[in-house]
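The chain contents come next:
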Amino acid sequence: MDRIYSFNCKISELDNRIQAWLYSDELQNIVHTFGGHYPNTKSIDFLAKWLLAFSEKWDYRNQQKQTRDNKTGENTRWQINSNTITSEQKSAVKKGIAALGLIGIQSPVERKFDYIIALGGARFSCLYRPQYMYELLTKHGISAKTAILLSGMRPVSESERTATDNYAPLAQTEYDLINAGAEQSFGLAPNYIEERYYNENPNSSWALRTYDTLGKQIPLFSIAGPSSEPNKRRANSADTYQFFFKKFKINARQKLLLITSQIYVPYQQLEALRTLALPYKLYIETVGFPVDRANKLQGMMEPANYLQEIRSTIQAINRYLNVINT
């Protein structure tokens, strides 16, 4: 996806970039290999809704709920497989993912930020993302006033232990994972001050950890946000962003750099635009750590994974358009 930013970019320009993504030859080619034919419309709202309905066939997590692991009952991204995808479809996905922004976006455009934020995740993500944050700050000329680790209290699942035990064998939650990943990446001793709220429902729990100041006098904080609907689901990206804003005073026109995995860059950028950049008038960039680090234990590089995240991006586009149109 052509990079989409915030206060330096008018709403009309955002719409144009989203339109270019929705009408891209690469996405149309992928849709065609799955038997779809684009509607004859110039309305991005109509097309976005059409693609949302069409992309249900790419919701492999939902499809595999009935065949989830019998031992653990898990239904996770890294257990998705591409067994039902044809060679023609796989080829279309492979040819399209760079143009659609799911690989290749790892270098920030700006050099100076107010906040650099490593987002939580599963398996090796909580190691690779803080690790890349450290590299950006120390090797690639990126500066920030504050470093943030942003995660949730999701329990570590048994199926990801083959990965997480390599760097955080005692971790119980995603929050534990990203703290261990950051401590290793920055060479930190586990010296910190911490606030925590515990609840029997982990979806309601939260934590705020303040580490000793990093080199170059950059403060490092680790935040685990609660769900806004704890009885229904765990915290999502929007929940953790809002909790971060509740705990820190973020001013208009400040610059934020988000670090995720490359496959999630378009989705995370759109969600951050909708929930943060537009209402608070911020500049936000999202980048992913180098894709060559996503080894076999990490997974998440199969055609089905990319199709799932193309669908996630389409969902994010629809949520963004709903906000703009209300």
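Residue positions within a chain follow its written sequence, with the count starting from 1. In keeping with the predicted nature of the model, local features appear solely for residues at pLDDT of at least 70, side-chain atom pairs appear and are counted solely at 80 or more, and the whole-chain, interface and lining totals rest on all residues. Where side-chain values are given, they derive from all heavy atoms of the structure, hydrogens and water being excluded.

A.B. asks: Got a minute to help me understand the nonpolar core in this structure?
C.D. replies: Ranked by internal contacts, the top residues of the largest apolar core, which has 59 residues, are Trp58, Phe244 and Ile310. Counting residues per element, this core draws most heavily on helix H11 (residues 303-324), at nine residues. Setting aside residues up to four positions removed in sequence, Ile310 forms contacts with Trp21, Leu27, Ile30, Trp58, Leu100 and Leu102. Residues belong to one nonpolar core when they are buried, are Ala, Val, Leu, Ile, Met, Phe, Trp, Tyr or Cys, and are joined through side-chain atoms within 4.5 Å. Exposure categories follow from relative accessible area, calculated using a 1.4 Å probe and restricted to protein chains: below 20% of the type maximum is buried, above 50% is exposed, and the middle band is partly exposed. Counting 36 residues, the second largest nonpolar core, distinct from the first, contains Phe124, Leu137, Val156 and Phe186. Strands are runs of DSSP state E lasting at least two residues, helices are runs of H or I lasting at least four, and both sets are numbered from the N terminus onward. Two residues qualify as a contact provided that any one of their heavy atoms is within 4.5 Å of a heavy atom in the partner residue.

A.B. asks: What is the right way to read the pattern of salt bridges from this model?
C.D. replies: Charged atoms that come close allow side chains of opposite charge to pair. By definition here, a salt bridge exists when the distance from a side-chain nitrogen of Lys or Arg to a carboxyl oxygen of Asp or Glu is within 4 Å. The final tally for this structure, using the stated rule, is 16 salt bridges. Salt-bridge contacts for Asp59 lead to Arg311; the nearest nitrogen and oxygen are separated by 3.9 Å. With Asp59 in the loop between helix H3 (44-54) and helix H4 (60-63) and Arg311 in helix H11, the pair connects residues that are 252 residues apart, well separated along the chain. Taking relative accessible area as the criterion, Asp59 reaches 16% and is therefore assigned buried. The salt bridge involving Arg196 is made with Glu194; its shortest N-O contact spans 2.9 Å. Exposure remark for Arg196: the relative accessible area of 28% places this residue in the partly exposed category. Linked through salt bridges whose partners overlap, the residues forming this network are Asp176, Glu183, Glu194, Arg196 and Arg209.

A.B. asks: How do you make sense of the sheet that holds strand S6 (residues 255-261) when you look at a structure like this?
C.D. replies: The strands making up a sheet are joined through hydrogen bonds of the backbone, oriented either antiparallel or parallel. Two strands qualify as a pair provided DSSP detects at least 2 bridges between them. Taken in spatial order, the seven strands of this open sheet run S3-S4-S5-S2-S1-S6-S7, and their pairing is mixed. Strand pairing shows two members of the sheet lacking a second neighbour, strand S3 (192-197) and strand S7 (283-289), which therefore form its edges. Recorded for the sheet is a direction-independent mean angle of 20 degrees between the axes of neighbouring strands. Relative to S6, strand S1 (residues 112-119) is paired through four bridges, and the arrangement is parallel. Paired with Tyr115 across the two strands is Leu256, which belongs to S6. The sheet contacts of helix H10 (residues 265-280) involve S1, S6 and S7, and relative to S7 the element is tilted by about 160 degrees. Think of each axis as a best-fit line through the C-alpha atoms, taken over the contacting stretch in the case of a helix, with angles from 0 to 180 degrees between the N-to-C directions.

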